[in-house]
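The chain contents come next:
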Amino acid sequence: MRNIPVVMIIFGGSGDLAHRKLYPALFNLYQQGLIHDNFAVIGTARRPWSHEYLREQVSDAVHETHDEVDENSLNHFASHFYYQSHDVTNVEHYETLKKLAQELDDRYCAHGNRLFYMAMAPRFFGTIATHINDQCLTGSGFNRIVVEKPFGHDLASAEKLNKEITASFNEEDIFRIDHYLGKEMVQNIMPMRFTNPLIKNIWSADYIKNIQVTLAEQLGVEARGGYYDTSGALRDMVQNHIFQIITLLAMPEPKDLTSAGVHKAKQALLESMIIPSPEEVKKDFVRGQYLGSDTTFAYKQEPNVDENSTTETFVAGKVKFKEGPVAGVPIYFRTGKEFKEKKNRIDIVLKHINNPYGQAHSNNITIEIDPTSKIYITINGKKIDQPGIRRENLTYEFSKSEMAKVPDGYERLLHDVFVNDSTNFTHWSELKRYWEFIDSVEADWQKENEAGDAKIAQYLPYRMGPKEANDIFETPTEHWIYE
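Computed from a predicted model, the values in this text were never measured in an experiment. (Residues numbered from 1 in each chain as written. Predicted model: local features only at pLDDT ≥ 70, side-chain atom pairs only at ≥ 80, totals over all residues. Heavy atoms only, no water.)

Draft legend 1. Region of the structure containing the pairing of strand 12 (residues 364-370). Across the 7 residues that make up strand 12, a large majority, 7, are buried. The pairing of strand 12 with strand 13 (residues 374-382) spans 5 bridges and is classified as antiparallel. Bridge pairing in strand 13 links Ile365 to Ile377. Linking strand 12 back to strand 13 in an antiparallel pair, the connection comprises 3 residues. (Buried < 20%, exposed > 50% of the residue type's maximum accessible area, 1.4 Å probe, protein only. Helix = DSSP H or I, 4+ residues; strand = E, 2+ residues; numbered from the N terminus. Pairing = 2+ DSSP bridges.)

Draft legend 2. Helix 6 (residues 155-166), seen in detail. Helix length check: helix 6, at 12 residues, gives a terminal C-alpha distance of 16 Å against a target of 16 Å (1.5 Å per residue), a fit within 8%. Taken as a whole, helix 6 has its buried residues at Leu155, Ala158, Leu161, Asn162, Glu164 and Ile165. Among the structural elements, helix 5 (125-134), strand 5 (143-147), strand 6 (174-176) and helix 16 (428-450) are those in contact with the buried residues of helix 6. (Expected span 1.5 Å × (residues − 1). Contact = heavy atoms within 4.5 Å.)

Draft legend 3. View of the domain arrangement of the chain. Domain annotation of the chain identifies domain 1 (4-147) and domain 2 (179-408 + 420-468). Summarising the inter-unit geometry, the C-alpha centres of domain 1 and domain 2 are found 34 Å apart. (Domains from an automatic or database assignment.)

Draft legend 4. Spatial organisation of the packing of aromatic side chains. Enumeration over the complete set of coordinates arrives at 25 aromatic pairs. Judged by centre distance (6.3 Å) and plane angle (50°), the ring pair of Phe151 and Trp428 falls under tilted. Taken together, the positions of Phe151 in the loop between strand 5 and helix 6 and Trp428 in helix 16 put the pair 277 residues apart, joining distant regions of the chain. Comparing Phe151 with Trp428, the two get one shared label, buried. On the basis of an interplanar angle of 5° and a centroid distance of 4.9 Å, the ring pair of Phe243 and Tyr434 is categorised as stacked. With Phe243 in helix 11 (residues 233-250) and Tyr434 in helix 16, the pair connects residues that are 191 residues apart, well separated along the chain. The same class applies to Phe243 as to Tyr434, namely buried. Through pairs of rings, three or more aromatic residues link up here, namely Tyr23, Phe27, Tyr30, Phe39, Phe77 and Phe81. The aromatic ring of Trp480 is capped on one face by Arg334, whose charged end is 4.1 Å from the ring centroid. (Phe/Tyr/Trp six-rings, centres within 6.5 Å; stacked < 30°, edge-to-face > 60°. Lys NZ or Arg CZ within 6 Å of the ring centre and 35° of its normal.)

So this is what it looks like as C-alpha cells:
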C-alpha cells in the first residue's frame, strides 16, 4: 500500500517518545511512500507551542536519528505537522481538536480516516478514550487507536480502560503496542520454529528440557524512581515483554499467518496457562532489589523511592502450560535492573541423551535479541588434537549491511497500524490472561508484605541478579545458561 490517507493525532506530541521514536519512524514511512501527500499529523500537549515550533522539533528529531537527510524531503514532511495546545481533561479542547482534524482532513483529502496515538502518561488513557467518544472525535473512514504500555496496573484497571476504549473503537481497531514485538529477532521466532524441520520436529516436551528468557538491563531506575516504585519488574517487564516472547515460544502452529490465525493460536495456548498457587509463588518466584556501590545508589536510596519499599527491581519465575507443543515444559524467566550488561536473550535447552562419549553436553538453541541479533545452536564435536568432545556454535547472524536495513521496532509497528495488520499487537483476551497471572503473584507478595514476611533478595549491582534465582529450577541439573 502507498500514500495512505489519514489524519493522525498524537496525544503527547511534545514528549520524549514522540521525539525519539514516532517522528523518525513516520519520516521513514514517508520516505517509503506509505504516507506521503494525503496525511496530516496533529501533535497535542499542554505546552503553548506553534505549528512552526512543532515542525522544528520534528526536523530535529529526524536529524538526530539519520546520518543523511534530504532537506527538501524533510521540509515537505514536516509541513504536514500541526500543533494544538490541549488539556486532555478539558472537554472544550476536544471540540477545537475536532475542528482542526476536519479542516486537515478536507485539506489533505484524508477520506475521514483517523489514527489516534496515546503517547503520554497512562493515567490519562481512559480520559482521552472517553472524550474521543463523547465528543465524536472519530472520522467517517477508518478509526484506529494505538495504546502504549502499561495497559492498566492490574486486571481491574485494565478491564476499566478496555471498556472505555471499546466505547469508541472495535477490538480490531485497538492496537496495544509493545515495541518488543517489532524487534527483528522476536519476529524471527515463528519463522525459525515453523520453517526448519530440524527445529520444528524437536519443538516438544519430548526433546526440550526447559526454556529460559532473560531481559537484562544494566542501568538502575535513574529518574524513574517515582513511577517504578508503583510498578516493579513484574508489572513493568513480565506482564508485557516477557509474556509476549513466551507466548511466541510456546504457541501451537497457527492455521495460517493472518492476524486472526496467529491470535487464535495464541489464545488457545493462553487458555491453558497455569496460574500459580501461593505455594508455587513461594517456591518458583524470586524478587529482589539492587544494592549500592561506590558509584551507584541502592534502590531504596534512589530519588523518589520509599526507603521502606518492597518493590522489586528483579524478578525470576516460571510459567507452564497444559496445552501446546511444550506443554509441561518449565519456561523460566528473569529480568531486572543493574545486571552486568544489557542483554535480551532466549535459551532453549534440549534434553541430554546417553552417548558413548560421556562428556557431551546437551544442545542449546539461543536467540540473542539485543544488543546483537543472532541465533546459534550449541553442538558437540570432536577435539582436533586430543581425545574428547568440544562445544561449537552454529550461528545465524546478520551482516553489518543487513543490520543497517533492519527497521526500528516503532517504524515496523506503525507500518502495521497504517496497513491494518494487528498480528504483532496484543488482543484483549491475551492481555487479560497475562494480568490474571501477574495479579496472582502480586496478591501473594502483598500478603507477605502485610504479614511482615516479605522475602526480597538483595543483590550487588553489575552481576546477574540475586543467587536465589538459581533455586527456582525443578531439578539439580538445571541452571541458567546465560551467566
